[in-house]
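Read off the chains here:
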Amino acid sequence: MAASGAEARAQPIPGGATENYRRCEIETRQGPAKFWGEVDGKEQPHGFGTALWEDGTNYHGGYEDGEMHGVGQYVFGNGDSCSIGFERGRPCGKGLLVEKLAGGDSVEYDVEYDGRLTFADGARSVIKTRRKKKTYKECMVPVCAFLAGPEEGPCTYDHCVSVRGKLVWARPPRGDCSLFNANEVRGNIVIMLRGGVQFSRKVWAAQEAGAVGLVCIGANIKEEKYSRPIPRVSTGPLPPSEDLPPNLPPLSVKMPVVYALHRLRVMLQEGGDATIHFDSKSPPGCQSGAVFIQGEAAKLRNAEGEAEAQWSEADLSFDKGERTMVGSDGTLIPLTDKASPPRTLQCKMAGTQRKAMRECHVALLGHKHVTLYGFRLTFGDTEWSIFKRFSEFDALDKRLNALYGLPPAGLPPKKWFGLEEESLVRNRHQMLTAYLADCIKRPVLTLAHDLQEFCKMPAAVALALRKGG
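This write-up is about the structure you can find in this document.

What counts, and where the lines are drawn
Residues numbered from 1 in each chain as written. Predicted model: local features only at pLDDT ≥ 70, side-chain atom pairs only at ≥ 80, totals over all residues. Heavy atoms only, no water. Helix = DSSP H or I, 4+ residues; strand = E, 2+ residues; numbered from the N terminus. Contact = heavy atoms within 4.5 Å. Buried < 20%, exposed > 50% of the residue type's maximum accessible area, 1.4 Å probe, protein only. Arc of directions from axis to C-beta. Phe/Tyr/Trp six-rings, centres within 6.5 Å; stacked < 30°, edge-to-face > 60°. Lys NZ or Arg CZ within 6 Å of the ring centre and 35° of its normal. Salt bridge = Lys/Arg side-chain N within 4 Å of Asp/Glu carboxyl O.

Thoughts on the overall build of the protein chain
Assigned secondary structure in the protein chain consists of 10 helices and 23 strands. A separation threshold of at least 6 residues defines the contact pool for the protein chain, and within that pool the share at least 24 residues apart is 55%.

Here it is in structure tokens:
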């Protein structure tokens, strides 16, 4: 793809997140195209970008020196698409071909290209094998909600209500402009990559296409967990731009907008039935939640009975004061007046124990004993106690953050001296109790093997939690 002719017309667009981001026209092997994305010093595509041709053909992915290069998705004018690696504009290696059928269905193929021709020149796969029918794995993806409000404030989470729909990737994936696949997005939850343009433009593009929710995927592959500052969407007038309709009304956020870590993107299975819901007991200043993806094998049992079994204080309050929950098939189940709170995990501070270090198989210079902190856990009529060292909490915290990125209540600071002082032990015990109580109220964590093992959870309790209480 040669980018000749782009330099004279390439201008940074309002709402662009970086100085080297452009919207311009470029000349390509298959004719002129509109381009949104990153450019080099010669004003030719270089980095991540999107190209759109007059017949509806579009490409989203990597560029190098003006050519499609690296991993990308090529969407043909008839709606078929191929996700594969490119070398100097030519598809090569193994990839995925999706052919659209009448009625909205599609067929997937594993394909391989030899890298000799471009798609514009008629590249054909040398291997094409039909995949089995796609299945979706049930999973819960932890997310963090965006704040929304004017630049001068205040910002709120008022837009964070539960919604349900199929997961659909935006085209272009950064939501740089009006979405090419608005028909697929309408009534569903759209996924976008972070970067390119400001969050406000992404929200505008999603709402214009009729999405009911937006999941924005982080760009930093090294990001391990959610952290402050909390992402926000600025409402109000959008900066004028030639790729936006004229006289747009001020932006208001009318749907939930959430942020997911880059490493969790593989769990967001396109086409899967999903529900975005939120945790009413999030840490101060943060609105955490999850995207629940329904698995193929999930079957709804007794709807009202399941609602009664799964109701808890962590459930959301929705419009008109009604309480609902997410059923095992992903549907929202209204809770009747008869629904009563079921058994829930509770944690209280118990006593402490001191043991010789040799009994605990640990060694700490200058100390002969180690403190074990006690906790009494209850689940309905079931009650049991655990005793844990601080180092065990530290290891658990690192493990949960690595797997889920959730920001639970913080652990007390590490100390090397004065570990046997009564006031230090008491304060540390209180903070560890708050930490454990925060963990066990989160559905995502209570089903995690690491937390269940840490709590020495009885098998009957673990089974009841998997069934919803």
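Describing helix α10 (residues 459-466)
Restricting attention to buried positions, one finds in α10 the residues V461, A462, A464 and L465. The buried residues of α10 occupy an angular sector of 160° when projected down its axis, which confines them to one face. Residues A459, A460 and R466 are exposed on α10 and point more than 90 degrees away from its buried face.

Quick word on the packing of aromatic side chains
Counted under the stated rule, the structure contains 15 aromatic pairs. Considering the side-chain rings of Y74 and F76, the 5.0 Å spacing of their centres and the 65° angle between planes classify their relative orientation as edge-to-face. Chaining the aromatic ring pairs together yields one cluster made of F35, W53, Y59, Y63, Y74, F76, F86, Y113 and F119. A cation over a ring is seen here: K388 above F454, with NZ or CZ 4.8 Å from the ring centre.

As for the pattern of salt bridges
Counting across every chain of the model gives 15 salt bridges. As a salt-bridge pair, R88 and E64 come within 3.6 Å of each other at their nearest N and O atoms. Placement of R88 in the loop between β6 (81-87) and β7 (90-100) and of E64 in strand β4 (residues 58-64) is noted, with a sequence separation of 24 residues between them. Owing to a relative accessible area of 32%, R88 belongs among the partly exposed residues under this scheme. With a shortest N-O distance of 3.8 Å, E392 and K388 are connected by a salt bridge. Overall, K388 belongs to the buried group, its relative accessible area being 7%. Several salt bridges share partner residues, and in doing so they unite E108, D110 and R131 into one network.

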